[in-house]
Amino acid sequence: MGRVVLHKDRKRRLEQGSPWIFRSEVARVEGDPAPGDVVEVVNHQGHFLARGYINPRSQILVRVLTYRVDEPIDASWAARRVDEALAWRERFLAGARSCRLIYGEADFLPGLIVDRFENILVVQVLALGMERLWPWIRQALVDRLAPQGILLRNDVPVREKEGLPLEVRRDYGEVPARVWIEENGLRLVVDVWRGQKTGYFFDQRENRLAIAPLVPGARVLDVFTHTGAFALHALKFGADRVVCVDQSREALDLARENVVANGYAGRAEFVEANAFDELRALVDQARQFDVVILDPPAFAKSRSSLPGAIRGYKEINLRGMKLVRDGGFLVTASCSWHMHRDLFLDTITEAAVDARKILRLVELRGAAKDHPVIHGSEESNYLKFAMFEVRSRG
């Protein structure tokens, strides 16, 4: 087994819980480990710290699999990790038939995402080392859950950086084109083969419940609606009418189907448009809403894209505030990890200054409990979700 020796003067990120070891933290690599091999990680004095898989093609040289010196990486290890992930969901989402089952590093299975949609599992294998370990994990999932089918949504560009091909394919059993799930008493259809990421975003499940006090009798604008999850919850909690905006016709078609399936036909309007353009147009028309919901995709997918992302978040929030009636509410989110919480809030503050608005914070939240966060590993703490009352200034 190869060995990775860390610099003496590095920051103690590994000891603080970070599952990633960057190339800049490494003094030397001993032996000749091949990409994807499991290696030991030691400090400058040779003391064992962790074991993980290595990929010299990546800036993240090693991803940690265990911190125990006596724990081999084998089929039994895979089964234990799956059992631990399932136990977490059973504790905090007891009986849930649809949720995120495995959340990569935060479930000590780095580079692996598994979402459960009833009896279908949709999987993203994001790293070379995990690609090699996947057969063990798949067997553990099959043994414990007996799914109807497993779909690999390995069409994520990050795989190319790992030297892996992009593909979407059935990996086990049978996988239908669409799956119906239940969330918070609502029925939703998910396009597991073609939808964004794995087809649905479980990370906002509890945040969708949090909007309940804001929306009774309200006129709601739901921008970046995707398949209408926030809109559906607003209608469930008594919104009078919801305008759903998204640039994807396919997503809007699913949103419309979800609205009808839950008995809310006639209370929702669907607008196929670029969100930035539609927000500008609505401001020019002097439209007003009681609640504006902004749940955009990640604007900052890399550190280099952060300046443009800041401008984008500021623009949509500024225009969103202008569309909120005095005393109404802005619900706004960011799933960009590089847009850390303080920067996100500072950007919203700047937008409020330019919009001549005073904001009163109702609540600041993160991701749902099936997206745990390792303390000391901010990489898994990516979602920011804020609800504000909006008042005019002067």
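Scoring rules and cut-offs
Throughout, residues of each chain are indexed from 1 in the direction in which the sequence is written. With the structure being a predicted model, the display of local features is reserved for residues of pLDDT at least 70 and the display and counting of side-chain atom pairs for 80 or more, all residues being used for whole-chain, interface and lining totals. The side-chain quantities take in all heavy atoms of the structure and omit both hydrogens and water. UniProt positions are given in the numbering used here, feature names are shortened, and annotations may be inferred rather than shown by experiment. Helical segments are the DSSP runs of H or I of at least four residues, strand segments are the runs of E of at least two, and each set is numbered from the N terminus. Within these notes, the globule rule equals 2.2 Å times the number of residues to the 0.38 power, and the radius of gyration is based on C-alpha atoms. Only protein chains enter the accessibility calculation, which uses a 1.4 Å probe; a residue whose area is less than 20% of its type maximum is buried, one above 50% is exposed, and one in between is partly exposed. Residues are treated as being in contact if the distance between any of their heavy atoms lies within 4.5 Å. In this tally, Lys and Arg are treated as positive and Asp and Glu as negative; His is ignored, and so are the chain termini. Here the site of a charge means NZ on Lys, CZ on Arg, CG on Asp, or CD on Glu. Strand pairing follows a simple DSSP-based rule, namely that at least 2 bridges must link the two strands. Lines fitted to C-alpha atoms define the axes here, with helix axes fitted over just the stretch in contact, and angles between the N-to-C directions of these axes take values from 0 to 180 degrees. The path from the first strand over the helix to the second decides the hand: if it runs clockwise while the strands point away from the viewer, the crossover is right-handed. Only the six-membered ring of Trp is used, alongside the rings of Phe and Tyr, when aromatic pairs are assigned; centres must lie within 6.5 Å, and planes under 30 degrees apart are stacked while those over 60 apart are edge-to-face, with the rest tilted. Detection works on a 1 Å grid of protein atoms alone, calling trapped sets that fit a 1.4 Å probe cavities and calling open sets with protein on both sides within 12 Å along at least five of seven lines pockets, with lining residues defined by an atom within 4 Å of a point. Grid points are joined across faces, edges and corners, and a volume is the space filled by probe spheres set on the points. Three residue categories are used. Nonpolar comprises Ala, Val, Leu, Ile, Met, Phe, Trp, Tyr, Cys and Pro, charged comprises Asp, Glu, Lys and Arg, and polar comprises the others, including Gly. The term nonpolar core refers to a set of buried residues drawn from Ala, Val, Leu, Ile, Met, Phe, Trp, Tyr and Cys, joined through side-chain atoms within 4.5 Å. Delimitation of the domains relies on an automatic or database domain assignment. Accessible area that two parts lose when put together, evaluated with a 1.4 Å probe and summed over both, is termed the buried area.

An unreviewed UniProt entry annotates the protein as Ribosomal RNA large subunit methyltransferase I of Kyrpidia spormannii. Taken directly from UniProt, the Sequence similarities (unreviewed entry) text for the protein runs: "Belongs to the methyltransferase superfamily. RlmI family."

(A) The arrangement of the overall build of the protein in detail. Within the protein, the secondary structure is distributed over nine helices and 20 strands. Since a compact globule built from 394 residues should have a radius of gyration of about 21 Å, the 22 Å found for the protein is in line with a globular shape. Here the C-alpha coordinates of the protein stretch approximately 65 × 50 × 35 Å along the principal axes. Scored against the burial criterion, the 394 residues of the protein give a buried share of 54%. In the protein, the proportion of contacts linking residues at least 24 apart, taken out of those at least 6 apart, comes to 63%. For the protein, the distance from the average position of its 57 positive side-chain charges to the average position of its 54 negative side-chain charges is 3 Å.

(B) Structural context of the sheet that holds strand 4 (residues 38-42). Taken together, the six strands give an open sheet; going across it, the order is 2-6-5-4-1-3, and neighbouring strands pair in mixed fashion. Every other strand in the sheet has two partners, leaving strand 2 (20-22) and strand 3 (26-30) as the edge strands with one partner each. Averaged over all adjacent pairs, the angle separating strand axes in this sheet is 35 degrees, with direction ignored. In the sheet, strand 5 (residues 48-54) pairs with strand 6 (residues 60-66) via four bridges, with the strands oriented antiparallel. For Ile54, the partnering residue across the bridge sits in strand 6 and is Val62.

(C) View of the pairing of strand 15 (residues 241-246). Judged by how many residues are buried, strand 15 sits mostly within the fold: five of six residues are covered. Remark: the strand 14 (residues 219-223)/helix 5 (residues 229-236)/strand 15 crossover connection has right-handed handedness. Note on the crossover from strand 15 through helix 6 (residues 249-261) to strand 16 (residues 268-272): the handedness is right-handed.

(D) Fine view of the packing of aromatic side chains. Applying the stated criterion across every chain, the model contains ten aromatic pairs. For the pair Trp20 and Phe22, a centre-to-centre distance of 6.1 Å together with 85 degrees between the ring planes defines the contact as edge-to-face. With a relative accessible area of 17%, Trp20 lands in the buried category. Through a chain of ring-to-ring contacts, three or more aromatic side chains come together here, namely Phe224, Phe276, Phe299, Tyr313 and Phe344.

(E) Expanded view of the layout of surface pockets. Of the pockets and cavities examined, the second largest pocket occupies roughly 340 Å³. Along the wall of the second largest pocket there are 14 residues; nearest its centre are His340, Arg341, Glu378, Asn381 and Lys384. Taken together, the residues that form the lining of the second largest pocket break down as five nonpolar, four polar and five charged.

(F) Here's a closer look at the pairing of strand 12 (residues 179-183). Covered by surrounding structure in strand 12 are Val179, Ile181 and Glu183 only, the residues Trp180 and Glu182 on the alternate face being uncovered. Both strand 12 and strand 13 (residues 186-190) contribute to a ladder of five bridges, which runs antiparallel. Looking at strand 13, one finds that Glu183 is bridged to Leu186. Between strand 12 and strand 13, which pair antiparallel one after the other, the connecting turn spans two residues, and Asn184 there sits at a positive phi close to 50 degrees.

(G) Representation of the nonpolar core within the structure. Counting residues in hydrophobic clusters, the biggest one holds 41 residues, and the most contacted among them are Phe117, Ile211, Val220 and Val291. Considering every element that reaches this core, the biggest residue donor is helix 5, with six residues. Counting 35 residues, the second-largest nonpolar core is a separate cluster that includes Phe224, Leu279, Leu282 and Ala386.

(H) Main features of unusual backbone geometry. With a phi close to 55 degrees, Glu118 is a non-glycine residue in the positive phi region. Summarising the element assignment, Glu118 is placed in the loop between strand 8 (112-117) and strand 9 (120-125). Accessibility expressed as a relative area gives 23% for Glu118, which makes it partly exposed. Non-glycine residue Arg356 carries a positive phi angle of around 60 degrees.

(I) Spotlight on the domain arrangement of the protein. On domain assignment, one finds that the protein holds domain 1 (3-66), domain 2 (75-177) and domain 3 (201-392). For domain 1 and domain 3, the distance between their C-alpha centres works out to 39 Å. In this assembly, six residues from domain 1 lie in contact with five residues from domain 3. Here domain 1 and domain 3 share an interface that buries about 350 Å² over both sides, 51% of which is from carbon and sulfur atoms.

(J) Broad picture of the sheet that holds strand 16. Here we have seven strands laid out as an open sheet, ordered 16-15-14-17-18-20-19, and mixed in their pairing. In this open sheet, the two edge strands, each paired with only one partner strand, are strand 16 and strand 19 (357-365). Neighbour-to-neighbour, the strand axes of the sheet open up by a mean angle of 15 degrees, direction not taken into account. In this structure, strand 17 (residues 289-294) lies alongside strand 18 (residues 324-334), joined through five bridges in parallel fashion. Looking at strand 18, one finds that Val291 is bridged to Phe329.

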